[in-house]
Amino acid sequence: MESLKQIKKIDKANKKHDSEKPINTELTNMVDKLKRYVIIYNEQNEIETNSYPCDEDSIELNQPEIESLMPKYPDTFGDYLEMVMQYGLMVFFAPAFPLAALFTLVNNFVEIRSDAFKMCFLYQRPFGERVANIGRWQDVLEAFSTLGIIVNCGLLVTFGVVQKLFPSLSFYESFALIVLIEHIFLCFNKILSYSLPKLPKWIIVAKSKLEYRRREALRKFEMDEMHTLKRSNSQEKF
């Protein structure tokens with residue numbers, strides 16, 4: 001019985017091998033044809049390249065081709081983080097170094113040109129996206145403004161500036177004066193944040209001009225369409 005089972009297994013294996021033979025032959029024939037096509041295609045390309053020689057010195061790349069070789073511009077997280085950190089250091093420690101605001105202004109003038117050079121010559125120019133505001137960074141800046149008032153008033157207490165200006169006041173009286181000044185500046189900060197417009201006046205004027213031109217162009221287009229329809233109807237009647 002065992003010998004019969006082995007004979008059946010051998011027969012099945014031979015049948016499988018015989019069934020796979022035509023498939024393998026078809027594959028080999030297809031591979032041979034592809035090899036022939038590749039050889040013919042390469043020969044034709046060699047003839048075309050030899051018939052049209054090109055000089056490397058005469059090749060000139062345009063601006064999009066040059067920028068395609070540059071690395072892609074990363075996201076603006078690093079730029080925003082740098083500016084927010086600079087603003088926080090300036091606001092929190094203004095009493096320790098009063099000239100920080102002046103140096104920050106000079107640094108920002110240099111930063112504008114350096115970022116423009118980076119975006120124009122070192123990276124691919126990013127695609128612009130329309131957004132309503134700067135997102136969470138606006139909330140961070142507003143929080144820094146509020147915390148900056150509190151920290152500066154606290155520094156005035158710790159450095160004893162009020163005691164030097166008003167030596168007759170006790171510690172609790174000077175502390176109450178600092179708290180009063182702090183609340184006044186906090187109220188002034190909130191009034192400014194709500195009173196100032198979100199968009200500058202020149203942007204509002206420019207947007208209104210564009211809207212007026214768009215409406216005028218649309219009205220002119222509709223009038224032209226009406227005149228063409230009237231002319232076509234009159235011609236059909238005659």
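Note that the structure is a prediction, hence the values are computed from the model and not measured.

K.L.:
What's the story with helix H3 (residues 77–92) in this structure? I'm lost.
P.N.:
In an α-helix, one turn spans 3.6 residues; hence positions three or four apart end up facing the same way. Compared with an ideal rise of 1.5 Å per residue, which puts 16 residues at 22 Å, H3 spans 22 Å between its outermost C-alpha atoms and is within 8% of the ideal. Taken together, the buried residues of H3 touch helix H4 (100–122) and helix H5 (136–158).

K.L.:
How should I be thinking about a nonpolar patch on the surface in this particular structure?
P.N.:
On the surface, Phe 97, Leu 99, Leu 102, Phe 103, Leu 105, Val 106, Phe 109, Val 110 and Ile 112 cluster together into a nonpolar patch covering about 920 Å² of accessible area. Relative to the elements of secondary structure, Leu 105 occurs in helix H4.

K.L.:
I keep staring at the packing of H5 against helix H7 (residues 171–195) and nothing clicks. Help me out?
P.N.:
Relative placement of two packed helices is described by the angle separating their axes and the distance separating the axes. The N-to-C vectors of H5 and H7 enclose an angle of 160°; their axes lie 10 Å apart at closest approach. The orientation of H5 relative to H7 falls into the category roughly antiparallel. In this structure, H5 crosses over H7, and the sense of that crossing is right-handed. Along the contact surface, H5 presents Ser 145, Thr 146, Ile 149, Ile 150, Cys 153, Leu 156 and Val 157, while H7 presents Phe 171, Ile 178, Glu 182, Phe 185, Leu 186 and Asn 189. Across the contact of H5 with H7, the residue classes break down as 9 nonpolar, 3 polar and 1 charged.

K.L.:
How do you make sense of the side chain of Glu 182 when you look at a structure like this?
P.N.:
Within the secondary structure, Glu 182 sits in helix H7. Here Glu 182 is buried and forms no salt bridge, its nearest opposite-charge partner Lys 190 lying at an N-O distance of 12 Å. Excluding residues that lie within four positions of it along the chain, Glu 182 makes contacts with Ile 149, Ile 150 and Cys 153.

K.L.:
Explain the side chain of Ser 174 to me, please; I cannot follow it from the model alone.
P.N.:
Along the polypeptide, Ser 174 turns up in helix H7. When its relative accessible area of 3% is taken as the criterion, Ser 174 is described as buried. What Ser 174 contacts, discounting residues up to four positions off in sequence, is Val 162, Gln 163 and Leu 169.

Each value, and the rule that gives it
Residues numbered from 1 in each chain as written. Predicted model: local features only at pLDDT ≥ 70, side-chain atom pairs only at ≥ 80, totals over all residues. Heavy atoms only, no water. Helix = DSSP H or I, 4+ residues; strand = E, 2+ residues; numbered from the N terminus. Expected span 1.5 Å × (residues − 1). Contact = heavy atoms within 4.5 Å. Patch = residues over 30% accessible without salt bridge, like charges linked within 9 Å, V, L, I, M, F, W, Y side chains within 5 Å. Areas by Shrake-Rupley, 256 points an atom, 1.4 Å probe, with all protein chains shown as cover. Salt bridge = Lys/Arg side-chain N within 4 Å of Asp/Glu carboxyl O. Axes fitted to C-alpha atoms, helices over the stretch in contact; angles between N-to-C directions. Parallel < 35°, antiparallel > 145°, perpendicular 65-115°, else oblique. Left-handed = near helix turned anticlockwise from the far one by under 90°. Nonpolar A, V, L, I, M, F, W, Y, C, P; charged D, E, K, R; others polar. Buried < 20%, exposed > 50% of the residue type's maximum accessible area, 1.4 Å probe, protein only. Lys, Arg positive; Asp, Glu negative; His and termini not counted.

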